[in-house]
Amino acid sequence: MDYKNNQHNQPSASPPFREDLGGFQGGDFIIPAIDLIDGKCVRLSQGDYTQKKVYNENPLEVAKQFEAAGIKRLHLVDLDGAKAGAVQNWKVLELLAANTSLSIDFGGGVKTKDDVQAVLNAGAALVTIGSLAVKRRELFLNLVAEFGADKFFMGADVNNERLAVHGWLEQTDVLVYDFINALTSVGLEQFFCTDIAKDGMMEGPSTALYQQILQQCPGITLIASGGVSKLEDLHELQAAGLHGAIVGKAIYEGTIRLETLQTSLKGGL
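Residues numbered from 1 in each chain as written. Predicted model: local features only at pLDDT ≥ 70, side-chain atom pairs only at ≥ 80, totals over all residues. Heavy atoms only, no water.

A. Examining the packing of helix 8 (residues 176-184) against helix 9 (residues 207-216) more closely. At their nearest, the axes of helix 8 and helix 9 sit 10 Å apart, and the two run at 40° to each other. With respect to their mutual orientation, helix 8 and helix 9 come out oblique. Here the hand of the crossing between helix 8 and helix 9 comes out right-handed. Here helix 8 contributes Val-176, Tyr-177, Ile-180 and Asn-181 to the contact with helix 9, which in turn contributes Leu-209, Gln-212, Ile-213 and Gln-216. Here the contact of helix 8 with helix 9 is composed, by residue class, of five nonpolar, three polar and no charged. (Axes fitted to C-alpha atoms, helices over the stretch in contact; angles between N-to-C directions. Helix = DSSP H or I, 4+ residues; strand = E, 2+ residues; numbered from the N terminus. Parallel < 35°, antiparallel > 145°, perpendicular 65-115°, else oblique. Left-handed = near helix turned anticlockwise from the far one by under 90°. Contact = heavy atoms within 4.5 Å. Nonpolar A, V, L, I, M, F, W, Y, C, P; charged D, E, K, R; others polar.)

Right under this line is the structure:
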């Protein structure tokens, strides 16, 4: 599978979505992120591990707050695992999956069949994959064949339309459009895209980039990630055809308050 100049552009049909809420009910559209370092809830700015801020030392407490606000999904990222190249915080996943009803996608350091199995066994609904699909394509395709395409949530971390891997520490020359189209050709449908320049900066999402991806990669389920700072950003993304938005720092910094979010969810954003 060649990610460059890939011409496969006929992905499997995406699942039906509700028309009234741009595809998802509010609780599904908004996907809070919990990023983990040393088992604590943190945020980085532009993926820089030296720009770390600890928001809560108890991720379960945070997850329960999301659940109480009407959130249905959670994006759980093992930053230790991403940096080390091996899952580190799977016990946190196990704890959150066992004690909340959230549908959790988990990623960071997933490299082997045993990793995928362990993450699923620990309670994740989806396994988040990024670097593995770029650096070890044959292995990843074998995992898709074994576990099924519907178990994977594909991350495309982008810098100037090109992928960055290994916790954003390595820049590639692979265009995001080629990457996505190559994967849709083998049945993968669920993608999220993070514009590294926007992540943690709270300067608004990369809506134009997402629209370009949807245009060049028709039929995918695309989740936005990075830059969301207010409810209006979520409206903008929904209107642009996105199927969801991962939100992190805006919630932790209080520019999107859980109380407001709860009211918005009840009203359909």
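B. Representation of the pattern of salt bridges in the model. Here the structure, examined in full by the defined rule, presents seven salt bridges. For Arg-43, the salt bridge is made with Asp-35, and the minimal N-O distance between the two is 2.6 Å. Like Asp-35, Arg-43 is buried. The closest approach of N and O atoms between Lys-230 and Asp-233, which form a salt bridge, is 3.3 Å. Judged by relative accessible area, Lys-230 falls into the partly exposed class, the value being 38%. Given a relative accessible area of 3%, Asp-233 falls into the buried group. (Salt bridge = Lys/Arg side-chain N within 4 Å of Asp/Glu carboxyl O. Buried < 20%, exposed > 50% of the residue type's maximum accessible area, 1.4 Å probe, protein only.)

Everything listed is a geometric property; what it means functionally is a separate question.
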